[in-house]
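# Inside the fold
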Amino acid sequence: MIFVDKGPCPQEIQEDIDAQKAKDGWNEIPEIPNAEQAKRLREEFFDALNKTRIRTELLKRQHGLCVYCMTRVENNSDSAVIEHLYPLSKSKQRALQYANLFVSCRGGKDRDADGHRRVLCCDAKKEDSIINLNPLNKDMMDNIVYYSDGRIDIAESYGTRIIRNQLRQNLQNHLGLNGKVLNDGSIISDTETEIVKGRRDAYKEESDLIEELEQMGELTQERIDEEIENLLSQNPREDFVGVKLFVLSQTL
């Protein structure tokens, strides 16, 4: 996961949202809808928004990556879904709130399971769960850590033990970002989309680069800063770019 600098809601999107709220029936749905009302909220109001316009703007802010696993997604409904960070089913106002919308990959839900039980991630795993992880919180995202075996975690220095445990639950149980894990946190199988392997490969690739620079006598803060700037300037950004940025940030 990486920080998303979202900015204010674009005018055209806000006008579209306001138009949906002005429709007959909006005021009939309570703030916390039941299952039937949530279905109506999605079908009559959220699905009536210009999804292409919203997805385009969100992907621009997310630099072409899934908000959760950092894999690259295409700007179409086959590759990406518009995700509610706070579930649509639990808040009418947030269902149409730009700040609550992100683009997620499909998390393996669209893949053939070949007779085995799929290990899903991201939106497909999260469903209607309420999570504390917030990609708009830069300090929190800066405290996401990665390991050479592909694991993602929260830094031990972040917040209280209770907060860290909640965020670990979000990463592992609600978003499935470490695949299928045992109670001790060890990984027994990757996700359908192989994001653990992807992070492991990204970690190794950047570690190999650092080792090469060191052998050539070119491992300086200036060279590290240059590599960081190169990664951040790409649009769309590389898959698992957060892993590479983390490895670089731990150097020197």
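Residues numbered from 1 in each chain as written. Predicted model: local features only at pLDDT ≥ 70, side-chain atom pairs only at ≥ 80, totals over all residues. Heavy atoms only, no water.

## Let's talk about empty space enclosed by the protein
- The full count for this structure, using the stated rule, is 1 cavity of 30 Å³ or more.
- Looking at the largest cavity, its volume works out to about 50 Å³.
- For the largest cavity, the full set of lining residues is Ile 2, Phe 3, Val 4, Arg 61, Gln 62, His 63, Leu 65, Cys 66, Val 67 and Met 70.
- Residues that form the lining of the largest cavity fall into these classes: 7 nonpolar, 2 polar and 1 charged. (1 Å grid on protein atoms, 1.4 Å probe; cavity = no way out; pocket = protein on both sides within 12 Å on 5 of 7 lines; lining within 4 Å. Points joined across faces, edges and corners; volume = space filled by probe spheres on them. Nonpolar A, V, L, I, M, F, W, Y, C, P; charged D, E, K, R; others polar.)

## Considerations on the side chain of Lys 92
- With respect to the helices and strands, the residue Lys 92 is situated in helix α4 (residues 92-95).
- Notably, Lys 92 is buried but unbridged: the nearest opposite-charge side chain belongs to Glu 31, and the N-O separation is 5.8 Å.
- Beyond its immediate sequence surroundings of up to four residues, Lys 92 is in contact with Trp 26, Asn 27, Ile 29, Pro 30, Glu 31, Pro 33 and Leu 41. (Helix = DSSP H or I, 4+ residues; strand = E, 2+ residues; numbered from the N terminus. Buried < 20%, exposed > 50% of the residue type's maximum accessible area, 1.4 Å probe, protein only. Lys, Arg positive; Asp, Glu negative; His and termini not counted. Salt bridge = Lys/Arg side-chain N within 4 Å of Asp/Glu carboxyl O. Contact = heavy atoms within 4.5 Å.)

## Quick look at the pairing of strand β2 (residues 101-105)
- Judged by how many residues are buried, β2 sits mostly within the fold: 5 of 5 residues are covered.
- Alternating positions in β2 separate into two faces, Leu 101, Val 103 and Cys 105 on one and Phe 102 and Ser 104 on the other, with burial throughout.
- Bridge count for strand β1 (residues 80-84) against β2 is 5 bridges, and the pairing is antiparallel. From the neighbouring strand, His 84 faces β2, where its bridge partner is Leu 101. (Pairing = 2+ DSSP bridges.)

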